[in-house]
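Results of the structural survey
Here are the chains, one letter per residue:
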Amino acid sequence: MYCKIIACEIAFREICSCVARSTSLHDPEFLIQGYHDNPLLGMEKIQERIDAVPQGKYDAILVGYGLCDNIVRGLTARHTPLVIPRAHDCITFFLGSKERYLEHFKGSPGTYYYTSGWLEYRQRGGERVARMQGAGMGGVQTYEDMVEKYGEDNAKFLWESMGNWMQHYSRGCLISFSFNEPLKLKEQVQEICDGYGWRFEETPGDLKLLQDWLDGDWIEEDFLTVQPGEVVQPSYDD
């Protein structure tokens, strides 16, 4: 098969690793992670890229997103089927199945997961900018900017509120793959966890879900196939 990939940059390394081993041909395109901070805008951008796909060129369009705050809700297949992994979010991609995701979620709530994509996005300053933009702050990037724009009292409240997300977590977990070992991700996540006062753990990743997605092994249990004219809607179940 020859498939178009439209996916989030957060899974760039993992998807490319699977593409290199795939039995199918692919034309990959990666969109910025920041669209997650405004899911409606993100859905519009994904739909734009779907609509830009020429009719008859590909066997399928592989949409590399989970529900991710309903960023795929409302996506419409035009002339080419869409294939979307059944996943709550991209952590499912890296753990290999929605069942393993649920096992981790129930066994260790309060866990913040790290992968190469998340760490590289963070290094570029993406985490801070994204959180501020998601709060409707127009890309303000420093505390001093917020003081100038909102006043000192308001800036202090907003800054402290943005930092409260850390209080919901007690564990940082690196999802590791052998091809990422040269990146020294473990050391980076250990340092982050030490700074937040979290315990650090590491779990092996599993690319089976992504590999099946790219190879065309689209069993209904694991993948949603959206035929031309159909619209994606969440099912609100397992």
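This text follows the structure it describes.
Keep in mind the model is a prediction, meaning the values are calculated, not measured.

Here we take up the nonpolar core. Among the nonpolar cores identified, the biggest contains 49 residues, and Ile46, Val63, Leu75, Phe94 and Trp213 are the most heavily contacted of them. Apart from residues no more than four positions distant in its own chain, Trp213 is found in contact with Ile5, Ile15, Leu62, Val63, Gly64, Val83, Pro85, Trp218 and Phe223. One finds Tyr112, Val189, Ile192 and Trp198 within the second-largest nonpolar core, a separate group that totals nine residues.

In this sheet, strand β2 (residues 25-31) lies alongside strand β1 (residues 2-8) in parallel orientation, the contact comprising seven bridges. Bridge assignment links Ile6 to a residue of β2, and that residue is Glu29. Between the parallel pair β1 and β2, the chain is carried across by helix α1 (residues 12-21), and the sense of this crossover is right-handed.

Relative to the elements of secondary structure, Thr92 occurs in helix α3 (residues 90-95). Sequence separation of Thr92 and Gly205 is 113 residues, and the distance between their C-alpha atoms is 9.8 Å.

Attention now moves to α1. Turning to α1, its buried residues are Glu14, Ile15, Ser17 and Cys18. Buried positions in α1, seen along its axis, are confined to an arc of 155° and lie on one side of it.

Thresholds applied
- Residues numbered from 1 in each chain as written.
- Predicted model: local features only at pLDDT ≥ 70, side-chain atom pairs only at ≥ 80, totals over all residues.
- Heavy atoms only, no water.
- Core = buried A, V, L, I, M, F, W, Y, C linked by side-chain atoms within 4.5 Å.
- Buried < 20%, exposed > 50% of the residue type's maximum accessible area, 1.4 Å probe, protein only.
- Contact = heavy atoms within 4.5 Å.
- Pairing = 2+ DSSP bridges.
- Helix = DSSP H or I, 4+ residues; strand = E, 2+ residues; numbered from the N terminus.
- Right-handed = clockwise from strand over helix to strand, strands pointing away.
- Arc of directions from axis to C-beta.

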